[in-house]
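These are the residues of each chain, in order.
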Amino acid sequence: MSDMTDESMTYCAVHPDRETGLRCNKCGRYMCAQCAVSTSVGYRCRECVRQVDDKFFTGTGNDNLIAGAVVGGGAGVLVFLGALTGIALFWLAAFFIGIIAGGALAEAAFRAVQKRRGRYTPIVVAVAALVGGFGGAFLAGRPFAIGIFVLIGIIAVLAYRRFEYK
Ligand SMILES: [Zn+2]
Ligand SMILES: [Zn+2]
């Protein structure tokens, strides 16, 4: 009777009915194809992947505030000046200003929080760019120009992507 059991057979830790030889390279538990997650450092179980994710998101609520203030304030000043001088009303000029200044702004915000990423920081900085940017445009009296939309949109996207966890 006992000779029917193959001692070398191993089963998924989550699904005991599934035979598998695959192990998590961090905690060593057996996992089936459905439970295994392919990461840049090899196959891992879902539990270990989640733990690494939590460690990666070191940002705090304060960081969201600081990053949002830098991006929102910067976008406000930039759009205000761009709209007031009329430069930002030309969408091609707005495009280039957005790429350069938006990138610099995103980088400044990222450094202001010691390069920590929070789970919600991408959304916070994107919203801050929209609020700050349109605030600046309204103050300058030019909220509805295509160039203004282009400028604010680019700043929001660049800020979002700087804090995005890929
Ligand atoms: Zn594991
Ligand atoms: Zn499984």
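Here the structure is a predicted model, which means the values were calculated and not measured. Sequence order as written defines the numbering, with residues in each chain counted from 1. Whichever chain is written first becomes A and whichever ligand is written first becomes 1, with later ones labelled in order. Given that the model is predicted, a residue must reach a pLDDT of at least 70 before its local features are reported, and side-chain atom pairs must reach 80 or more before they are shown or counted; all residues, however, enter totals for whole chains, interfaces and linings.

Our focus in this paragraph is the overall build of the chain. Strands are runs of DSSP state E lasting at least 2 residues, helices are runs of H or I lasting at least 4, and numbering of each runs from the N terminus. In terms of helices and strands, the chain carries five helices and two strands. Tracing the chain from N to C terminus, the helices and strands come up as β-β-α-α-α-α-α. Just to be clear, the radius of gyration here is over C-alpha atoms, and the globule rule we use is 2.2 Å times residues to the power 0.38. What you see for the chain is a C-alpha radius of gyration of 24 Å, clearly larger than the 15 Å of a compact globule of 166 residues, by over 25%. Projected onto the principal axes, the alpha-carbon positions of the chain cover approximately 90 × 30 × 20 Å. Residues with at least 20 other C-beta atoms within 10 Å of their own are called buried, those with 12 or fewer are called exposed, and the rest are partly exposed. The C-beta atoms themselves are positioned from the backbone. Of all 166 residues assigned to the chain, the portion counted as buried reaches 35%. The contacts in the chain between residues at least 6 apart in sequence include a share of 64% that link residues at least 24 apart. Note that contacts rest on C-beta atoms placed from the backbone: two residues are in contact if these are within 7 Å.

It is worth spelling out the domain arrangement of the chain at this point. Per the domain assignment, the segments of the chain are domain 1 (2–56) and domain 2 (61–163). On a C-alpha basis, the centres of domain 1 and domain 2 stand 44 Å from each other. In this entry, domain limits derive from an automatic or database-based domain assignment.

Over its 22 residues, helix H3 (residues 91–112) extends 30 Å from the first C-alpha to the last, a length consistent with the 32 Å expected when each residue adds 1.5 Å. In the core, the buried residues of H3 are packed alongside helix H2 (61–85), helix H4 (121–139) and helix H5 (146–163). Given a helix with a known number of residues, its expected span is that number minus one, times 1.5 Å.

Counting residues in hydrophobic clusters, the biggest one holds 33 residues, and the most contacted among them are Val71, Val79, Val125, Ala129, Leu151, Ile155 and Ala159. No other element matches H5, which puts ten residues into this core. Leave out the neighbours within four places in its chain, and Ala159 touches Val71, Gly102, Leu105, Ala106, Ala109, Val125, Ala126 and Ala129. One nonpolar core equals one set of buried Ala, Val, Leu, Ile, Met, Phe, Trp, Tyr and Cys residues connected by C-beta atoms within 7 Å. Counting seven residues, the second-largest nonpolar core is a separate cluster that includes Cys24, Met31, Ala36 and Cys45.

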